[in-house]
Structures are given as C-alpha cells and as structure tokens.
Amino acid sequence: MALVPYEEGAGWGARQLHSPAATYRFASRTIRLRQDWRRLGVAAVVWDAAVVLCAYLEMGSTDLRDRSVIELGAGTGLLGIVATLL
Ligand SMILES: C[S@@+](CC[C@H](N)C(=O)[O-])C[C@H]1O[C@@H](n2cnc3c(N)ncnc32)[C@H](O)[C@@H]1O
C-alpha cells in the first residue's frame with residue numbers, strides 16, 4: 001500500500017501534478033500528456049499508480065495481446081494507452 005499526501009503548492013509531487021504536461025517512455029514510445037489540475041482536478045493529471053502499473057505491464061508478466069481491457073477511472077488515459085501499445 002502507498003499513501004501520497006497532497007498539499008496544495010507543496011512538495012515534489014504537487015509540482016509534478018501542477019505541470020502542464022507529463023512525458024513518459026513506455027513500449028518504445030514517448031507519450032506526452034497534457035495536464036490541467038486547476039481546471040479539471042484529479043482527473044486531468046497522471047497519478048503515480050498509473051505509472052507504476054504501466055511499468056509492471058511493460059515487464060511482460062501479463063500478456064495483453066488479443067485481450068479486451070477496460071480502464072475504469074482512466075483520468076488522462078496513460079494506462080490504457082500503454083496497454084494498447086503493448
Ligand atoms: C486520482 S484519478 C486517477 C486517474 C488515473 N487512473 C491515473 O492513475 O492517472 C481518479 C479517476 O477516477 C475517476 N472516477 C472517480 N469516480 C469514478 C466513478 N464512479 N466512475 C468512473 N470513474 C471515476 C476520476 O474522474 C479520475 O479520472
């Protein structure tokens with residue numbers, strides 16, 4: 001279990017969430033997502049849990065080929081994008 005405390009305007013995590021964009025590299029692709037915490041809140045930023053699960057899927061222990069996947073609470077959709085690329 002992980003707990004990520006959020007305090008407006010404080011800490012590295014807060015700065016990351018307030019950044020206008022987030023860039024990741026998964027499945028040999030660069031994925032750049034726009035973020036907008038101020039206007040849309042929690043649904044418009046990439047959370048650490050999505051990044052961790054993307055990294056886990058990329059490790060290959062779960063075969064996603066020819067599978068149907070539904071991402072609930074997708075937010076910016078990073079996980080769904082990575083699952084599709086994999
Ligand atoms: C903390 S954000 C996480 C977004 C994304 N999964 C990530 O890790 O970057 C929670 C997401 O769940 C969505 N959400 C909250 N309640 C929901 C519900 N009842 N049904 C579907 N989505 C929901 C929110 O809109 C938001 O996009």
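Thresholds applied
Residues numbered from 1 in each chain as written. Predicted model: local features only at pLDDT ≥ 70, side-chain atom pairs only at ≥ 80, totals over all residues. Heavy atoms only, no water. Phe/Tyr/Trp six-rings, centres within 6.5 Å; stacked < 30°, edge-to-face > 60°. Helix = DSSP H or I, 4+ residues; strand = E, 2+ residues; numbered from the N terminus. Buried < 20%, exposed > 50% of the residue type's maximum accessible area, 1.4 Å probe, protein only. Core = buried A, V, L, I, M, F, W, Y, C linked by side-chain atoms within 4.5 Å.

(A) Structural context of the packing of aromatic side chains. All told, the structure shown has two aromatic pairs when counted by the stated rule. An angle of 55° between the planes, with centres 6.2 Å apart, marks the rings of Trp37 and Trp47 as tilted. Of this pair, Trp37 sits in helix 2 (residues 37-40) while Trp47 sits in the loop between helix 2 and helix 3 (48-58), and the two are ten residues apart along the sequence. Judged by relative accessible area, Trp37 falls into the buried class, the value being 15%. Judged by relative accessible area, Trp47 falls into the partly exposed class, the value being 33%.

(B) Quick peek at the nonpolar core. Counting 13 residues, the largest nonpolar core has Tyr24, Phe26, Ile31, Val46, Cys54, Leu78 and Val82 as its most contacted members. Elements that contribute at least two residues to this core include exactly strand 1 (21-26), strand 2 (29-34), helix 3 and helix 4 (78-85). Looking at this core, the element that brings in the most residues is helix 4, giving four residues.

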